[in-house]
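These are the residues of each chain, in order.
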Amino acid sequence: MNDRYGRTINYMRISVTKSCNLSCRYCMPPGEQREVSEKLLSDSEIFCVAKAAAALGITQFKLTGGEPLLRPGIVRLAAAIRAFPDTTAVTITTNGVLLAGFAKELKEAGVDAVNVSLDTLDPSYFQWLTGHAALEQVTAGIETAQSAGLFVRLNAVWGRQSDGRELVRFAQQRGLILKFIEMMPVGYGKNFVSEEKTDLISFLQEHYGKAQRIDQLSFGAGPAAYYRFEKLRHPIGLIRAVSHPFCETCNRIRLTAEGKLKLCLSYRDGVDLREALERGAGERELIRMMEQAIYEKPKKHSFLEPEKITEQGAMISIGG
Ligand code: SAM
Ligand code: SF4
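Numbering of residues begins from 1 in every chain and follows the order in which that chain's sequence is written. As they are written, the chains are lettered A onward and the ligands numbered 1 onward, keeping that order. Two thresholds apply to this predicted model, a pLDDT of at least 70 for residue-level local features and 80 or more for giving and counting side-chain atom pairs, whereas whole-chain, interface and lining totals are computed over all residues. For side-chain calculations, the full set of non-hydrogen atoms in the structure is used, while hydrogens and water are omitted.

A.B. asks: I'm lost on the site of ligand 1 in this one. Help?
C.D. replies: Every one of the 18 residues lining ligand 1 counts as a neighbour, but Tyr26, Gly66, Thr93, Ser117 and Met184 are closest to it. Contacts described as polar in this section are N or O atom pairs within 3.5 Å, which, within protein, must combine one atom able to donate a hydrogen with one able to accept it, while residues neighboring in sequence count only if both atoms come from side chains. The backbone of Gly66 places a nitrogen or oxygen atom 3.0 Å from a nitrogen atom of ligand 1. Take Thr94: an N or O atom from its main chain is 3.4 Å from an oxygen atom of ligand 1. Each residue is assigned to one of three groups, with Ala, Val, Leu, Ile, Met, Phe, Trp, Tyr, Cys and Pro labelled nonpolar, Asp, Glu, Lys and Arg labelled charged, and all others, Gly among them, labelled polar. Looking at side-chain class alone, the shell around ligand 1 contains six nonpolar, 10 polar and two charged residues. Consider each residue's heavy atoms; a residue with any of them within 4 Å of a molecule or strand counts as near.

Here's what the structure looks like:
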């Protein structure tokens, strides 16, 4: 469906857990109090919301978290959503730690792609950033996923200590699409925003030659702008929500693990679908509630006007 600004909304990020086996400093730093909630949506509740979303024109779903591979039954849930007649893609965003053990099952369930979040290939920086010495598990997960025939993309949040060239080399050698993501001022990310190297494209051009913008790639419902570089075989994606906002073409909505439908990362507002499900709302009512909320999706985020950001939650609770 279209919202009131004429944007077609066809992509939903579903957060399936608030737990994680890493503690990334910009998302859920080590030692911080995690908000634990007993009241996460059940599989059947997520299924009902996804089905209502599909009826409203959502064709692409992303399963996220927390770490989605920690949720029991994640493969079954992915398969059930992939089986909707109009679904064109179900993808998963994972930190990759458990990926090796899941890759084959995910492929068999019909998962179209996995996005592995990997910000560095330096073991000690990885440990500092994530609180765990798990880099080898992540790279093994990537290799196993590729061998299982899954389409794998790498997502790297860009910070002052980012080692972009190592990641570029790693991705190019393996034919992986690499996307660099600007740090967003959401949750603990606010503490890191000023650290980022703002001009990503200049950095890349300096090392890899002139950049040429190309069309979206497969499963391209995301906001990345893709570029080919003279000295690189495979394109690189850039998601620059802060310096190059893409709100005018934003196509996404989010479902938190607790059942809130969120329309924009910047704002706390959302619709409490769990409450509706608990009082027995049927599919028609869910569709009506979601339709109204989507229609009123905010025009743009407010990342450049921090006083207007009302979202106070950590990214681990929202799903990125
Ligand atoms: N645990 C999974 C993972 O790391 O891919 C899924 C959840 S994680 C919240 C989803 C994505 O959000 C990750 O790629 C993570 O790096 C990114 N992320 C977290 N906080 C962010 C921030 N402040 N700005 C930009 N990206 C962020
Ligand atoms: Fe966990 Fe992903 Fe957040 Fe890192 S970014 S703490 S892996 S949810």
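A.B. asks: Sorry if this is basic, but what is going on with the packing of aromatic side chains here?
C.D. replies: A ring pair, where both rings are aromatic, is described by two values, the distance of the centres and the angle of the planes. Each Phe, Tyr or Trp ring (for Trp, its six-membered ring) is paired with any other whose centre lies within 6.5 Å, and the angle between the two planes then decides the class: stacked below 30 degrees, edge-to-face above 60, tilted in between. Counted by the stated rule, this structure contains six aromatic pairs. The interplanar angle of 70° and the centroid separation of 6.1 Å between the aromatic rings of Phe61 and Phe84 together place this pair among those described as edge-to-face. Taken as a pair, Phe61 in strand E2 (residues 60–64) and Phe84 in the loop between helix H2 (74–82) and strand E3 (89–94) lie far apart in primary sequence, 23 residues in all. Across this residue pair, the class does not change: Phe61 and Phe84 are buried. Aromatic side chains Tyr227 and Phe229 sit 6.5 Å apart centroid to centroid with 45° between the ring planes, which places their arrangement in the tilted category. Overall, Tyr227 belongs to the buried group, its relative accessible area being 12%. Ring pairs connect the aromatic residues Phe47, Phe61 and Phe84, which therefore count as one cluster. Lying across the ring of Phe170, Arg174 places its NZ or CZ 3.8 Å from the centre. A helix here means a DSSP run of H or I that spans at least four residues, while a strand means a run of E at least two residues long, and both kinds are numbered starting from the N terminus. Note on exposure labels: buried denotes an accessible area under 20% of the residue type's maximum, exposed denotes more than 50%, and partly exposed covers the range between, all computed with a 1.4 Å probe on protein chains only. By definition here, charges over rings are those cases where NZ of Lys or CZ of Arg is within 6 Å of the ring centre and within 35 degrees of the ring normal.

A.B. asks: Is there a simple way to think about the pattern of salt bridges in this case?
C.D. replies: Opposite charge on two side chains permits pairing when their charged atoms draw close. Definition used for salt bridges: Asp or Glu carboxyl oxygen within 4 Å of a side-chain nitrogen of Lys or Arg. Evaluation of the coordinates by the stated rule reveals 13 salt bridges. Residue Arg174 pairs with Glu143 through a salt bridge whose shortest N-O separation is 3.7 Å. Of this pair, Arg174 sits in helix H6 (residues 164–174) while Glu143 is found in helix H5 (residues 135–147), placing the two residues 31 residues apart along the sequence. Judged by relative accessible area, Glu143 falls into the partly exposed class, the value being 41%. Note that Arg169 is salt-bridged to Glu166, the shortest N-O span being 2.5 Å. Of the two residues, Arg169 and Glu166 are both situated in helix H6; the distance of three residues between them amounts to about one turn of the helix. Take Arg169: its relative accessible area is 44%, and that puts it in the partly exposed class. Through salt bridges with shared partners, a single ionic network connects Lys39, Arg274 and Glu278.

Note that all results are geometric; they support no functional claim without further evidence.
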